[in-house]
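If you want the building blocks of each chain, they are given just below.
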Amino acid sequence: QELQNLTRTMLAHAHRRWPDAVNVHLWPNALMMANHINNVAPSMQDPGKRSPEEMFSRTNVSINPKHYKPFGCPVYVLENALQSTAAIHNKWKDRARVGVYLGMSPIHAKNVALVLNLETGAVSPQFHVKFDSSFHSVQHGGVPQSKWQHKAGFQVPKRSLNQHPHKET
């Protein structure tokens, strides 16, 4: 139940700040992040305040707080063409795209983020990112419209009042 409460809290926090992009369909990703946090956080039941991960592995694990960001926060991912070169292309063109942070990648280094692409709905590990942990950029309307729910089939496009699903005879 502690894991469910943490997951629900993380989703509610992100949804309240960015309702266009974060909803209950991201529950599995929030659960995965909540589970990771639960495993690395110090246990109050352990006299030595070790984390479950430390108790299981019988080693000391140091946690770097820089690697932990709020679930669902906006992430700015450097464009693919710029990730591999240092050359300046067009200085007036956007160099990053906005995504949704879904936690750390479970198979990469801890500073590699899992990012949901707002356009395609694809989740990919990304290293060249900047986080907006306070959600300022989405509160002031500077981000593109989220289309991932529609592309994933979670959202039916809105019909106008004149359109009917079937014709009456």
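Look up a bit, the structure's there.
Given the structure is predicted, the values throughout are model-derived calculations rather than measurements.

This model, assessed by the stated rule, comprises one aromatic pair. Between the aromatic rings of Tyr101 and Phe131, the centroid separation amounts to 5.0 Å while the plane-to-plane angle is 85 degrees, which identifies the pairing as edge-to-face. With Tyr101 in strand β2 (residues 96-104) and Phe131 in strand β5 (residues 129-131), this residue pair connects regions lying 30 residues apart in the sequence. The class of Tyr101 is buried, set by a relative accessible area of 1%.

Turning our attention to the sheet that holds strand β3 (residues 113-117). Taken together, the five strands give an open sheet; going across it, the order is β4-β3-β2-β1-β5, and neighbouring strands pair in antiparallel fashion. Among the strands making up the open sheet, the edge pair consists of β4 (123-126) and β5. Sheet twist, expressed as the mean angle between neighbouring strand axes with direction ignored, is 45 degrees. Relative to β3, β2 runs antiparallel, the two being bridged by four bridges. Bridge pairing in β3 places Gly99 opposite Asn117.

What follows covers helix α2 (residues 27-40). An ideal rise of 1.5 Å per residue puts 20 Å on 14 residues; α2 measures up with 20 Å between its terminal C-alpha atoms. Residues of α2 that are buried: Asn29, Ala30, Met33, Ala34 and Val40. Seen end-on, α2 carries its buried residues on one side only, within an arc spanning 135 degrees. Against the buried residues of α2 lie α1 (2-17), α3 (52-57) and β2.

As a working rule, side chains carrying opposite charge can pair if their charged atoms are close by. If you walk through the whole model with that rule in mind, you get one salt bridge. The shortest N-O distance in the salt bridge between Asp46 and Arg50 comes to 3.0 Å. Looking at Arg50, the relative accessible area reads 35%, which means it is partly exposed.

Basis of the calculations
- Residues numbered from 1 in each chain as written.
- Predicted model: local features only at pLDDT ≥ 70, side-chain atom pairs only at ≥ 80, totals over all residues.
- Heavy atoms only, no water.
- Phe/Tyr/Trp six-rings, centres within 6.5 Å; stacked < 30°, edge-to-face > 60°.
- Helix = DSSP H or I, 4+ residues; strand = E, 2+ residues; numbered from the N terminus.
- Buried < 20%, exposed > 50% of the residue type's maximum accessible area, 1.4 Å probe, protein only.
- Pairing = 2+ DSSP bridges.
- Axes fitted to C-alpha atoms, helices over the stretch in contact; angles between N-to-C directions.
- Expected span 1.5 Å × (residues − 1).
- Arc of directions from axis to C-beta.
- Contact = heavy atoms within 4.5 Å.
- Salt bridge = Lys/Arg side-chain N within 4 Å of Asp/Glu carboxyl O.

These figures come from the coordinates and say nothing about function on their own.
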